[in-house]
Structures are given as structure tokens and as C-alpha cells.
Amino acid sequence: MRLALISVSTEHEVGHGPAGMLPLFDGNVIEQQVRSVRNMGAEKIILLSPTMPGALLQYVDALKRQNIDAEIVRDTSDLGQYASENDDFIFLGDGILPAKPIEAQLSRKSVESIYVVTNADNYDSFERIDLSHRWLGIALLKAKRLEEISNIPDDWDVGSALLRTAVQSECERELVSDEDMQSDVVSQLIDAERSLAYADRRLGAVRIPKQNFLDRYVVWPLMRKLMPVLWQAPDAKKYFGMASIACSIIALGLGLIIWPAASLGFLFLGSVVLVLHKRISMFSTELNKPDWTAPIFYLVTAMVLTITVLRTASSATLFADISILLLLIGNLWLVHAAKDDIGLNWIRPDTPLILLVLLIAAAFGAFSLGLYTAALFCLVYLVAERRDYFSSESGAVSQK
């Protein structure tokens, strides 16, 4: 069996709790560490915390409710009861967050190893081993090492004790390059400043597929400024999901009292909030939790648009407008399911863009015209996307 031992001992500020509880994305650092060790194959998670803060105890209880084997201990004397001699364990120091390449490497490893970086001044926050290397706070060790450190003095750090036994037994050293360190292959998040800087770098490096001009130049830049603030609130994703549904319900109420422009305004706002909800989910620490926010929002949106058509169309155009609305919804679904076409992404129709077109049309008393324009826009995009697809396919065949 493979275990994970995560240290939650260092406080990021005196009296403000351990570094592992620093906010990060829609959770905190310790939640990111837990997800990381699970990706490395850890079947049992042990959190080492001398102070046992209430938030950490609640988090361990939440893991158990998700059927994740997790325990929290105060000191090394309690570690031996959770591991047999044949087990191995992954150790992560306080605030240490490995990236995907190290996760993949450690998931395949079976020999005892410690991860190191060159002994340079810019790595002085990591523990020095010798004149050549500093330890990055990541190790894969045999469980027998836990017994060797079970009686360490109170003034000794668990990580330092494990490092000492690993070095004495000449464990394999995995050197992480300076280039990889600059790319956040290993991050040490032990204070609020580092945590925020890391989150901002992650946000800046992310590539959002299928972005149109509205998203790329308006929506996403605004979200980039807002999201670091939202990470201070662990439940931000949940609140924005609720807000998007609330906007759609308000829009439904306004649609019923024949106020199409205001109704579509709330729908547009709700669609942008829903995008933000999804973007936060890209960095989510929640484990495979079903999310019904988008289906509920889209269902209410279809109801609002149907009511708006019924309220604004004349008896002569009602059937045509309903038909165009159904065509628009079907085309949007096809656009959503279409592949990521880099050449056409900048004009790709999505829910916020289509709702913005309908909102502008309704504001000028021409909702039907906006409906026809939006449906035609989606149809032209699909034709262009299909034409581009078949052109690339025929080009590939001719090359063969």
C-alpha cells in the first residue's frame, strides 16, 4: 500500500494557522496537496499537525465522508500504527506543491528517492543537504523510515528527520532543474504572498479553448482581475453557481411581466457569472462532485426565451419565431459540441454572446430581428466550421 504523509506544522503567520490552510483557488493549499498525492497513487493520507486546528479536523471529516482514507496525527509516535514495513509513503513538506510532471514520475517510482535542487541563494528557503543540493520537501520512502524517526526530539522537524535518514541510507536523488523550478514544477507556498503569486502565475498560464472576441477581450480580462480576490473565499464557486441560477429565475419573472430587455439583461449577467463559475472550476480541488448549475441555467434560459417569443411575436409571426428559436437552440448545442477550431474561435457563438445580441435587439424593440440574426450567425459559423473541417480532411487525403 502507498501512503501519503503531509506536514501541516508551519504557521504562515503567528496565530493565523498553518501554511496548509492558506486560500488557493476555491480551496486551500492542503486540498491541492491531497489531490496531488492521490494522483501519485496514495491510498491513505496522514496529516501531521501538532496544533490540530478546527478547520483541518473538519476537512479530514469531509474526506472521510467522500470515502477517502484520511487521518490526522499530532506527532511521529502515532505514525507507526498506520503503515506496515512493506508499505511506502510520499512525504510533502509544509506548503510544498508538486506539478503534474513530478506527480507522474512519482506515481511510477518504487525506489526510495528525494527531490533536490542545486544549492543556490535563490533556493535558501529549502533545507540544505550539502554543498551541492537543497531538499525540495518531496520524498518517496519506505514505511520503515517512520519507525526510525518515531522518537525524535521535540525540537526536530519531521521533514528534517526523514531527510537525515534518507541521506544516511544514500537514497536516490532526483534533481529538479532551475528551468523547471521557474515553471512551478515545485512550489513552496508558506505565506500569503507566495500563495497569491503562484495562483496568479497559474491563472496567467492557462489557455481557455473556444474563446470568441467578447470572451477574450472583455469577459476573461475582467475575470482575471476578479478571480484572485475570489480565491480568498473558499465557497466562491458555489456562490457564483447560485448567483447564475438566481439571475435566470429573476429573468424568468421579468419575462412573465412583459419586460424583455430587463429579462434578457439578467440572463446575460447570469451567463457571464456561469462562465466565471466554470472558470473557477478549472482549478477546483473538489473531487468528482456533480455540478447541475449549467443544465439548470440553460433550461431556465430556454424557458425565458420561449416566453419572450410568445410575448413579443404577433399572431402572424409566432410560428416562424418559435421555429427560429428552436433552430437557434439546436445550433448553439452543435456549436458547443464542435471541435476547437483555432481559426474560427474568435467568432465562435456562445451563450453570453448570443444573449448579448438578443439583449441589444430587445432594447431597441426588435427582439425578433435579433433572434433571426443570432440563428443566422450560428448557422453561418457551423457551415464555415464544417467547410474548414472538410478542407483540412481533403488536404490530408491528397497528401497521402
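Residues numbered from 1 in each chain as written. Predicted model: local features only at pLDDT ≥ 70, side-chain atom pairs only at ≥ 80, totals over all residues. Heavy atoms only, no water.

Enquirer: Hey, could you run me through the overall build of the protein in this one?
Expert: Of the regular secondary structure elements, the protein holds 14 helices and 12 strands. Put simply, the protein has 400 residues, and 47% of those count as buried. Look at the contacts in the protein between residues 6 or more apart in sequence, and 73% of them connect residues 24 or more apart. For the protein, the accessible surface area stands at approximately 20,100 Å², while carbon and sulfur atoms represent 58% of it. (Helix = DSSP H or I, 4+ residues; strand = E, 2+ residues; numbered from the N terminus. Buried < 20%, exposed > 50% of the residue type's maximum accessible area, 1.4 Å probe, protein only. Contact = heavy atoms within 4.5 Å. Areas by Shrake-Rupley, 256 points an atom, 1.4 Å probe, with all protein chains shown as cover.)

Enquirer: Before we go on, may I ask you to explain helix H12 (residues 318-337) in this structure?
Expert: Three- or four-residue spacings in an α-helix give side chains the same orientation, since the helix completes a turn every 3.6 residues. Here H12 spans 29 Å end to end across 20 residues, near enough to the 28 Å set by a 1.5 Å rise per residue. If you check which residues of H12 are buried, you get Asp321, Ile324, Leu325, Leu328, Asn331 and Val335. Looking down the long axis of H12, one finds its buried residues gathered within 130° of arc, a one-sided arrangement. For H12, the exposed residues set more than 90 degrees away from the buried face come down to Phe319, Leu326, Trp333 and Ala337. (Expected span 1.5 Å × (residues − 1). Arc of directions from axis to C-beta.)

Enquirer: Just checking my understanding: could you explain the nonpolar core for this structure?
Expert: A general feature of soluble globular proteins is that nonpolar side chains tend to end up buried together. Ranked by size, the top nonpolar core spans 42 residues in total, and within it Leu264, Leu267, Leu305, Leu358, Phe367 and Leu371 carry the most contacts. Going through the elements one at a time, helix H8 (213-230), helix H9 (236-256), helix H10 (260-281), helix H11 (293-312), H12, helix H13 (351-363) and helix H14 (367-399) are the ones with two or more residues in this core. Discounting residues that sit within four places of it in the chain, Leu358 has contacts with Leu264, Leu305, Phe367, Gly370, Leu371 and Ala374. In this structure, Val34, Tyr59, Leu63 and Leu92 belong to the second largest nonpolar core, which totals 34 residues. (Core = buried A, V, L, I, M, F, W, Y, C linked by side-chain atoms within 4.5 Å.)

Enquirer: Hey, could you run me through the pattern of salt bridges in this one?
Expert: When charged atoms on two side chains of opposite charge get close, those side chains can pair. Enumeration according to the criterion identifies 11 salt bridges in this entry. Of the charged contacts in the structure, one is a salt bridge between Lys44 and Asp69, with a shortest N-O distance of 2.8 Å. On the criterion of sequence distance, the pair formed by Lys44 in strand S4 (residues 44-48) and Asp69 in strand S5 (residues 69-73) is long-range, its members being 25 residues apart. Taking relative accessible area as the criterion, Lys44 reaches 7% and is therefore assigned buried. The exposure class of Asp69 is partly exposed, given its relative accessible area of 34%. One salt bridge in this structure joins Asp184 and Arg201, with 2.8 Å as the shortest N-O distance. Residue Asp184 is found in the loop between helix H6 (178-182) and strand S12 (186-188), and its partner Arg201 is found in helix H7 (residues 192-205); the two are separated by 17 residues along the sequence. (Salt bridge = Lys/Arg side-chain N within 4 Å of Asp/Glu carboxyl O.)

Enquirer: Help me out: how do you make sense of the packing of aromatic side chains in this one?
Expert: Centre-to-centre distance and the angle between the planes together describe a pair of aromatic rings. Counting across every chain of the model gives two aromatic pairs. An angle of 15° between the planes, with centres 5.8 Å apart, marks the rings of Phe91 and Trp135 as stacked. Within this pair, whereas Phe91 is found in strand S6 (residues 88-92), its partner Trp135 is found in strand S10 (residues 133-142), the two being separated by 44 residues in sequence. Arranged with centres 5.9 Å apart and planes meeting at 70°, the rings of Phe297 and Tyr298 form a pair that is edge-to-face. (Phe/Tyr/Trp six-rings, centres within 6.5 Å; stacked < 30°, edge-to-face > 60°.)

Enquirer: Even after reading the chapter, I still don't get the pairing of S5, so can you show me in this structure?
Expert: Walk down a regular strand and you will see the side chains alternate between the two sheet faces. Taken together, the five bridges between S4 and S5 define a ladder with parallel strand orientation. If you follow Ile45 over to S5, its bridge partner there is Ala70. Taking the sense of rotation as the criterion, the β-α-β connection linking S4, helix H2 (residues 54-65) and S5 turns out right-handed. (Pairing = 2+ DSSP bridges. Right-handed = clockwise from strand over helix to strand, strands pointing away.)

Enquirer: Where do I start with the environment of Asp340 in this structure?
Expert: Of note, Asp340 is situated in the loop between H12 and H13. Measuring from C-alpha to C-alpha, the distance between Asp340 and Lys210 comes to 5.8 Å, with 130 residues separating the pair along the chain. Those residues in contact with Asp340 that lie beyond four places of it in its chain are Arg207, Pro209, Lys210, Asn345 and Arg348.

Enquirer: Explain the packing of H11 against H13 to me, please; I cannot follow it from the model alone.
Expert: Helix packing geometry: the angle between the two helix axes and the distance between the axes. Packing of H11 against H13 leaves a shortest axis separation of 13 Å and a crossing angle of 20°. Relative to H13, the element H11 lies roughly parallel. For H11 against H13, the interelement crossing comes out left-handed. Where H11 approaches H13, its residues Phe297, Tyr298, Thr301 and Leu305 are matched on the opposing element by Thr351, Leu355 and Leu358. A class-by-class count of the residues in the contact of H11 with H13 yields five nonpolar, two polar and no charged. (Axes fitted to C-alpha atoms, helices over the stretch in contact; angles between N-to-C directions. Parallel < 35°, antiparallel > 145°, perpendicular 65-115°, else oblique. Left-handed = near helix turned anticlockwise from the far one by under 90°. Nonpolar A, V, L, I, M, F, W, Y, C, P; charged D, E, K, R; others polar.)

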